[in-house]
Amino acid sequence: MSHASHTVLELDATAVLGLTEGINFKKSPAGKCFMIYKDKNTVRACRNQCKHQGGKFIKDIEDIDGRTVHCTKHNWKLNVATMQYVNPPDSFLQEELKVVKSEDGGLKLVELVPPEPWTVDSRPAQQLQPGEVTLTYITHACMELKAGDKRMMFDPWLTGPAFARGCWLLHEPPPDAMDRLRQADLVYISHTHSDHLSYPSLKLLAQQRPDIPIYVGDTSRPVFWYLARSGVNLTNISVVPFGVWHNVDKNLRFMILMDGVHPEIDTCLIVDYKGHLILNTVDCRRPNNGCLPHGVDVMMSDFAGGASGFPMTFHKGKYTESWKRHFISRERKELLHYTANLVAKLQPKVYCPFASYFTEAHPSDRYIKNINTKNNPEDLNKKIKNLCPHITTWTPLPGSVLDLALALTNQDGRDCITQPPSGTKILKDSWDFDLYVDELNAAISSKIFEHKSWIQFYYNWAGFQNYNLVIRVTETDDDFQPRDDGYDYLVDFLDLSFPSVRPQREHFYVEIQNRIGVMRHVVVNGLLWDDLYIGFNNRISREPDIYHHKFWKHFQSELPLSAPDWDSFLKSWEKPNPTSTSTPTPTPTLPQPLPLPLTQPQP
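In this text, all values refer to a predicted model and were calculated from it rather than measured experimentally.

Student: Explanation requested: the overall build of the protein chain in the structure shown.
Tutor: Each helix and strand in the protein chain was counted, giving 14 helices and 31 strands. Taken over the C-alpha trace, the protein chain has a radius of gyration of 26 Å; the compact-globule value for 603 residues is 25 Å, and the two agree within 12%. Principal-axis analysis of the C-alpha atoms places the extent of the protein chain at approximately 80 × 70 × 45 Å. Here the analysis covers contacts within the protein chain between residues at least 6 apart in sequence; of these, 68% occur between residues at least 24 apart. Within the structure as shown, the protein chain displays about 26,500 Å² of accessible surface, and the carbon and sulfur contribution to it stands at 51%. Seen as two clouds, the 64 positive and the 70 negative side-chain charges of the protein chain have centres 3 Å apart.

Below, the structure written as C-alpha cells:
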C-alpha cells in the first residue's frame, strides 16, 4: 500500500524571510508544533514531538551551535541539523518532513501519512444482536472476545509473576479463567514481555491443549524466541505479517500492526466482526506510526504508567526522593492527558483502560510500590467523559462483560456492561511468592559461578562491544546490599575487556547492582535484561546522566536467540590445566574507581 501525503504547515514569503539561522519553532493554525532548521539556503523540518514518548522539545541551554533541542519529559536531545538524537547516543533518527518551496517564496511542510491497511476490503457494519459480540475482562491485558460462535483470548497472564519477580497480578482472575483459555478458538499474544507472554500461564494451558492456535506478529525479535527452552509444549503458533487481514471465518478477521517506537517487539491488534472494529493498542507507544482508525466500536489501551525501572531504581546525582516523586507525578499526569486526548481524537464508541493492572506485591519491593504511583482508570474515564460525553467508558473488573450490541443501541451506555456478581473477589491478596522466587534463586548455586571466567564467557556470548561504555555489576541481596559470595566486576565494552579498575581514557560509566538470584537466572538461561530493568531488580547510577539506548536495546531485545553453551564452558574446566585453577570464591570487591572526566557525545 502506497503512502499518501498531506500539508501540515504553510508559510508565506514574509514568514519564510522571518526564519532565523538555526532552529525555529512554529505552530500551525490547528495548534500542531513544528521545528524548522535553517542553514543559509538549506531548510529542514520535523514535528516538535520526541520519538520516545511524545514530549515537546525546547532549546537546549547547553547548545552553543544552535542545533540541539531537548525533550521536556526525559531530556532526550535532538540535533535538528542532522535529525539525529544525540542523547541517547547512537539511537533514533527523527522523521523528517518534506520541505516544498513555492515560486512566490513561501514553503510547505509535507508529511507522508502511514498506510491504513484496515481500509483494504472494508466491510459495512451489520446490525448485531444482543450477546453476539461480548468482551469479558479477565485480568491485566487479558480479554476474552466472543464474536459469533468464536472465542478469542488476548495476552493471557493468569498466574505467576512477570519480569522475574517484579510485577504481580493486581486483579484476581475469575475462577473459570483457565477453562476459558483452554476453550478459546484462538489466542493473540502482543509481545514478548512476560506480563503478556506468561510462560507460567501457558505451561498450564499446554498441559491440556498444546495445539491451541496462537497468533503473533512478525517482529524482528520473535515473540516465542524462548519457547524451545521454556519447557512449554505449544505446537500451533502462527507468525502473521503486519497489516494484512487474517480470516478466522466469514464474519471474523483480525490484523496485527507494528509499533513505531519499538518495532522489534511491540504489536497491536484490530479485530473486525461483521464490519465492527475493535482496536487493542496494548503497550504500543506509537502504533502503526501514529495512524489509527477513527470511530472504531471499541478501543482498549494501557493507561497507568510505571512499567519501567526509570526513575524508581535510579540513585545518586539528581535522583533524590523528592525529584523522583515530582517526576513520576508529572509523568503520570502527562500520560493521562495524552491518553484522554488520543481517545477524543479517535472517537471510539466505547473505550476501556486496561493492560495496566499489576502491582509490586513482593515485600522486598515495598519501596517501589510506594513511590511508583499509577494512574487511576476512573480518573482517565472521567477526563474522557468531560471531553466527549457521548463515548461510553468501561472500567473493567474481573468477570465484567461488555455487550457491544447494547453499547451501540443505548446512547448513554447504560445496561451494556454486566458487573461481576456481588461478593466476587476483585483484588488478589496472595501470590505464591516462595514458589517463584525459589525457582529464580536456584540459579545461584549453578556450577558455572564457581569459575570467575563465566563473566568473560557470558559477555562474549552477548556480543555487545565497540561502544565507549564501562559498567560495574555488583551482585546483591534483596535489599541491594553486596553479598559476600557475590561477584563485583567491570566490563569495558569498547574492547570487551574486564579490567580490575576503570580505564584512564574518557568514557561513559554505569553502575548496576543486581539481585543475585535474578541476575544468575538471566545469565544461566540467556534471558533478556527486562527481568532486571523493568522488574525493578536492580539499582542504577550513571556518569554522566545519559541513557545509553544502544546498550539497553541490545541487552533488552538483541541478545542471541540461543542460550550460552554452559555445557561446553563447564567441560573446558574438566580438562587438566596446570596454569589455571578453579575456585569457588567470587571476584574480590573492586577498589573504588577514580572519577574521570566524562564528556557528552558530540553531534
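Student: Explanation requested: the side chain of Arg165 in the structure shown.
Tutor: In this fold, Arg165 is placed in the loop between β13 (150-154) and β14 (168-169). A polar atom in the side chain of Arg165 sits 2.8 Å from the side chain of Ser364. Ignoring anything within four residues of it in the chain, the contact list for Arg165 reads His362, Ser364, Asp365, Val437, Leu440, Asp478, Arg515, Val518 and Asn537.

Student: Just checking my understanding: could you explain the pairing of strand β28 (residues 469-476) for this structure?
Tutor: In summary, the side chains of a regular strand alternate between the two faces of the sheet. Of all the eight residues making up β28, eight are buried; the element is thus mostly covered by neighbouring parts of the structure. Burial along β28 is two-sided: Leu469, Ile471, Val473 and Glu475 facing one way and Val470, Arg472, Thr474 and Thr476 facing the other are all buried. Bridge count for β28 against strand β30 (residues 508-515) is eight bridges, and the pairing is parallel. Residue pairing in the sheet places Glu475 in a bridge with Asn514 of β30.

Student: Whenever I open this one, the pattern of salt bridges confuses me. Can you help?
Tutor: What the rule picks out here adds up to 31 salt bridges. One salt bridge connects Glu111 with Arg47, and the closest N-O pair in it is separated by 2.9 Å. Of this pair, Glu111 sits in strand β10 (residues 107-113) while Arg47 sits in strand β4 (residues 42-47), and the two are 64 residues apart along the sequence. Since its relative accessible area comes to 16%, Glu111 is described here as buried.

Student: Looking at this structure, I do not really get the packing of helix α10 (residues 454-462) against helix α14 (residues 566-574). What am I missing?
Tutor: A packed helix pair is summarised by two numbers, namely the angle formed by the two axes and the spacing between the axes. Relative orientation of the contacting elements α10 and α14 amounts to 150°, with a least axis distance of 11 Å. Regarding the angle of α10 to α14, the classification is roughly antiparallel. Here the hand of the crossing between α10 and α14 comes out right-handed. Each of Trp454, Phe457 and Tyr458 in α10 lies in contact with α14, whose residues at this interface are Trp566, Ser568 and Phe569.

Student: Would you mind going over the sheet that holds strand β16 (residues 214-217) with me for this structure?
Tutor: Within a sheet, adjacent strands bond to each other through the backbone by hydrogen bonds, running parallel or antiparallel. Across the sheet, which stays open at both edges, the eight strands sit in the order β17-β16-β15-β13-β12-β11-β26-β27 with mixed pairing between neighbours. Across the chains shown, the open sheet's two edge strands, defined by having one partner strand only, are β17 (237-240) and β27 (417-418). Pairing of strand β26 (residues 401-403) with β27 involves two bridges; the strand directions are antiparallel. Note that in β27 the partner of Val401 across the bridge is Thr418.

Cut-offs and rules
Residue numbers restart at each chain and count upward from 1, following the sequence in its written direction. Per-residue local features of the predicted model are confined to residues with pLDDT of at least 70, and side-chain atom pairs are confined, for both listing and counting, to 80 or more; whole-chain, interface and lining totals are unaffected and use all residues. With hydrogens and water stripped out, all remaining heavy atoms of the structure feed into the side-chain values. Elements are defined by DSSP. Helices are runs of H or I of four residues or more, strands are runs of E of two residues or more, and each kind is numbered from the N terminus. The globule rule is 2.2 Å times the number of residues to the power 0.38, and the radius of gyration it is compared with is taken over C-alpha atoms. Contact between two residues is taken to exist if any of their heavy atoms lie within 4.5 Å; hydrogens are not considered. Per-residue and other accessible areas were derived by the Shrake-Rupley procedure at a 1.4 Å probe size, with only the shown protein chains allowed to occlude residues. Under the convention used here, Asp and Glu are negative, Lys and Arg are positive, and both His and the chain ends fall outside the count. To locate a charge, take atom NZ for lysine, CZ for arginine, CG for aspartate or CD for glutamate. Identification of polar contacts relies on pairs of N or O atoms within 3.5 Å, with a donor-acceptor requirement for protein atoms, meaning one able to donate a hydrogen and the other able to accept it, and with residues adjacent in sequence counted only if both atoms are side-chain atoms. The cut-offs for exposure are 20% and 50% of the maximum accessible area for each residue type, with area from a 1.4 Å probe on protein chains only; residues under the lower value are buried, those over the upper are exposed, and the others partly exposed. Each pair of strands is called paired provided DSSP finds at least two bridges between the two strands. Any Lys or Arg side-chain nitrogen found within 4 Å of a carboxyl oxygen on Asp or Glu counts as a salt bridge. Axis geometry follows a simple rule: fit a line to the C-alpha atoms, using only the stretch in contact for helices, then measure angles between N-to-C directions, giving values from 0 to 180 degrees. When describing relative orientation, an angle under 35 degrees is termed roughly parallel and one over 145 degrees roughly antiparallel, while 65 to 115 degrees is termed roughly perpendicular and anything else oblique. In this scheme the handedness of a crossing depends on how the near helix is turned from the far one: anticlockwise by less than a right angle means left-handed, clockwise means right-handed.

That is the geometry; function is a separate question.
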